[in-house]
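Report on the structure
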Amino acid sequence: QVQLVESGGGLVQAGGSLRLSCAASGSILKVNIMGWYRQAPGKPRESVAEITSSGSTNYADSVKGRFTISRDNAKNTVYLQMNSLKPEDTAVYYCNIRGILRSDYRFFNSWGQGTEVTVSS
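Residues numbered from 1 in each chain as written. Predicted model: local features only at pLDDT ≥ 70, side-chain atom pairs only at ≥ 80, totals over all residues. Heavy atoms only, no water.

Looking at the element boundaries, Ser 25 is found in strand 3 (residues 18-26). Linking Ser 25 and Gln 1, residues 24 residues apart in sequence, is a C-alpha distance of 8.3 Å. With residues up to four places along the chain from it excluded, the contact list for Ser 25 reads Gln 1, Val 2 and Gln 3. (Helix = DSSP H or I, 4+ residues; strand = E, 2+ residues; numbered from the N terminus. Contact = heavy atoms within 4.5 Å.)

In structure tokens:
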């Protein structure tokens, strides 16, 4: 009942920047936590950043000072601005949005389809 559409991945040289977007649509009453995860080849999925409905943020140590997560509550959209990219940031990035459905007030936990980020050295 909730669909997420990601955009913004691509190929960039080390030191460059990319901005990821993830828009949620569907029967949404309230969006609570929005976050970004990534999974590199041969590695488990890891949390990159998250933001609460009040705007509090949390980042993985590996991206602190380089990545910024933000959200537009009116559009149910979360962004990830990635600066000073490194080859080790290469991964498939997934957005994750958690909240309450409008239809039956149940909790939902939805994932985007993933967008590939490749950082060349």
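From this point, the discussion proceeds with the structure in view.
Right, let's get into the side chain of Thr 115. Mapping Thr 115 onto the fold places it in strand 11 (residues 115-120). Judged by relative accessible area, Thr 115 falls into the buried class, the value being 11%. Look past the residues within four positions of Thr 115 in its chain and what remains in contact with it is Glu 6, Gly 8, Gly 9, Leu 20, Ala 91, Val 92 and Tyr 93. (Buried < 20%, exposed > 50% of the residue type's maximum accessible area, 1.4 Å probe, protein only.)

This paragraph deals with the sheet that holds strand 3. Judged by pairing direction, the sheet is antiparallel, and its 4 strands sit side by side in the order 1-3-8-7 without closing on themselves. The open sheet has two edge strands with one neighbour each: strand 1 (2-7) and strand 7 (67-72). Across the sheet, the mean angle separating the axes of adjacent strands is 15° when strand polarity is ignored. Bridge analysis of strand 3 against strand 8 (residues 77-82) gives 6 bridges, and the strand direction is antiparallel. Each residue of the ladder has a partner; that of Leu 18, found in strand 8, is Met 82. (Pairing = 2+ DSSP bridges. Axes fitted to C-alpha atoms, helices over the stretch in contact; angles between N-to-C directions.)

In this section: the side chain of Asp 89. As for its position among the elements, Asp 89 is in the loop between strand 8 and strand 9 (91-101). Asp 89 gets classed as buried once you look at its relative accessible area, which sits at 1%. A distance of 2.7 Å separates a polar atom in the side chain of Asp 89 from a polar atom in the side chain of Arg 66. If near-sequence neighbours (up to four positions away) are discounted, Asp 89 is found in contact with Arg 38, Arg 66, Phe 67, Ser 84, Val 117 and Val 119. (Polar contact = N/O pair within 3.5 Å; in protein donor to acceptor, adjacent residues only side chain to side chain.)

Our next topic: the packing of aromatic side chains. Here the structure, examined in full by the defined rule, presents 1 aromatic pair. The ring of Tyr 79 is capped by Arg 19, whose NZ or CZ atom sits 4.1 Å from the centre of that ring. Lying over the aromatic face of Tyr 94, Arg 45 brings its terminal NZ or CZ to 3.8 Å of the ring centre. (Phe/Tyr/Trp six-rings, centres within 6.5 Å; stacked < 30°, edge-to-face > 60°. Lys NZ or Arg CZ within 6 Å of the ring centre and 35° of its normal.)

Per the stated rule, a full pass over the model turns up 1 disulfide. In this model Cys 22 forms its disulfide with Cys 95; the gap between the sulfur atoms is 2.0 Å. Where Cys 22 bonds to Cys 95 through sulfur, the torsion about that S-S bond is close to 45°, and the disulfide is right-handed. Taken together, the positions of Cys 22 in strand 3 and Cys 95 in strand 9 put the pair 73 residues apart, joining distant regions of the chain. Overall, Cys 95 belongs to the buried group, its relative accessible area being 0%. (Disulfide = S-S within 2.5 Å.)

Let's shift gears to the environment of Phe 67. Within the fold, Phe 67 resides in strand 7. Taking C-alpha positions, Phe 67 is 9.6 Å from Leu 18, a pair spaced 49 residues apart along the chain. Phe 67 has contacts with Arg 38, Val 48, Tyr 59, Leu 80, Gln 81, Met 82, Asn 83, Leu 85, Asp 89 and Tyr 93, leaving out every residue within four places of it along the chain.

What is shown is where atoms sit, not what they do.
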